[in-house]
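Spelled out, the chains give:
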Amino acid sequence: QVQLVESGGGLVQPGGSLRLSCAASEFIFRNYAMSWYRQVPGKERELVATISTTGTSTNYADSVKGRFTISRDNAKNTVYLQMNSLKPEDTAKYYCNAKGVILGKLYAHWGQGTQVTVSS
């Protein structure tokens, strides 16, 4: 069964840093683009960052550019989100997403999420 397990969330003060990890299993990780999304109650899930299968291409939401960095280690089947200069508005549940086209069919998988709270 495909699994994406996020970790690294928690409570941090404004200006602080956190590093989220998402460990993948039961699918060919290197064939999937990986993304981080976030969601606060009552709002739609928001795309935060995406990284290509090889890690050579990344994209970020304007709200996190220059503060967040997405990376991946295909040998460890893990994607990371380094979050620096955190702001209270970054408070959300962060979700890992895997998306890939295999033999012409789109596959997408989600993790259960990890809570990030930025507060003094």
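Since we're looking at a predicted model, the values are computed, not measured.

Trainee: Residue-level account of the overall build of the chain, with values.
Mentor: Helix and strand content of the chain: 0 helices and 11 strands. Helices (α) and strands (β) of the chain occur, in sequence order from the N terminus, as β-β-β-β-β-β-β-β-β-β-β. Principal axes of the C-alpha set define a box for the chain whose edges measure 50 × 30 × 25 Å. Relative to its full complement of 120 residues, the chain shows a buried share of 38%. Taking contacts inside the chain between residues at least 6 apart in sequence as the whole, the part at least 24 apart equals 54%. Looking at the chain as shown, the accessible area adds up to about 6600 Å², and 47% of this sits on carbon and sulfur atoms. In the chain, the 13 positive side-chain charges and the 8 negative ones have mean positions that sit 3 Å from each other.

Trainee: Can you lay out the pairing of strand β11 (residues 114–118) for me, pointing to particular residues and giving the numbers?
Mentor: Burial along β11 is one-sided: the face carrying Thr114, Val116 and Val118 is buried and the face carrying Gln115 and Thr117 is not. Summarising the sheet, strand β2 (residues 10–12) and β11 pair through 3 bridges and their orientation is parallel. Within β11, the residue paired with Val12 across the bridge is Val118. Both strand β9 (residues 92–102) and β11 contribute to a ladder of 3 bridges, which runs antiparallel. By the bridge assignment, Lys93 is partnered in β11 with Gln115.

Trainee: Give a detailed account of the pattern of salt bridges, specifying residues and quantitative values.
Mentor: Tallying each qualifying case throughout the model produces 4 salt bridges. Of the charged contacts in the structure, one is a salt bridge between Asp62 and Lys65, with a shortest N-O distance of 3.2 Å. The same class applies to Asp62 and to Lys65, which are both exposed. Residues joined in a network through salt bridges with shared partners are Arg38, Glu46, Arg67 and Asp90.

Trainee: For the sheet that holds strand β1 (residues 3–7), give the residues involved together with the corresponding values.
Mentor: The sheet built from 4 strands is open, its strands ordered β1-β3-β8-β7 with antiparallel pairing. Of all the strands in the sheet, the pair left with one neighbour each is β1 and β7 (68–73). Averaged over all pairs of adjacent strands, the angle between their axes in this sheet comes to 15°, without regard to strand direction.

Trainee: I'd like a description of the environment of Arg45, backed by residues and values.
Mentor: Secondary-structure assignment places Arg45 in the loop between β4 (33–39) and β5 (46–51). Beyond its immediate sequence surroundings of up to four residues, Arg45 is in contact with Tyr37, Arg38, Gln39, Tyr95 and Trp110. Looking at Arg45, its side chain comes within polar contact range of the side chain of Gln39, at 3.2 Å.

Trainee: Before we move on, can you summarise the state of the cysteines with the specific residues and values?
Mentor: In the structure shown here, the tally under the stated rule is 1 disulfide. Between the sulfur atoms of Cys22 and its disulfide mate Cys96 the distance is 2.1 Å. Because the torsion about its S-S bond is -80°, the bridge between Cys22 and Cys96 counts as left-handed. Of the two residues, Cys22 sits in strand β3 (residues 18–25) while Cys96 sits in strand β9, which places them 74 residues apart along the sequence. According to the relative accessible area criterion, Cys96 is buried, its value standing at 0%.

Calculation criteria
Residues numbered from 1 in each chain as written. Predicted model: local features only at pLDDT ≥ 70, side-chain atom pairs only at ≥ 80, totals over all residues. Heavy atoms only, no water. Helix = DSSP H or I, 4+ residues; strand = E, 2+ residues; numbered from the N terminus. Buried < 20%, exposed > 50% of the residue type's maximum accessible area, 1.4 Å probe, protein only. Contact = heavy atoms within 4.5 Å. Areas by Shrake-Rupley, 256 points an atom, 1.4 Å probe, with all protein chains shown as cover. Lys, Arg positive; Asp, Glu negative; His and termini not counted. Charge placed at Lys NZ, Arg CZ, Asp CG, Glu CD. Pairing = 2+ DSSP bridges. Salt bridge = Lys/Arg side-chain N within 4 Å of Asp/Glu carboxyl O. Axes fitted to C-alpha atoms, helices over the stretch in contact; angles between N-to-C directions. Polar contact = N/O pair within 3.5 Å; in protein donor to acceptor, adjacent residues only side chain to side chain. Disulfide = S-S within 2.5 Å.

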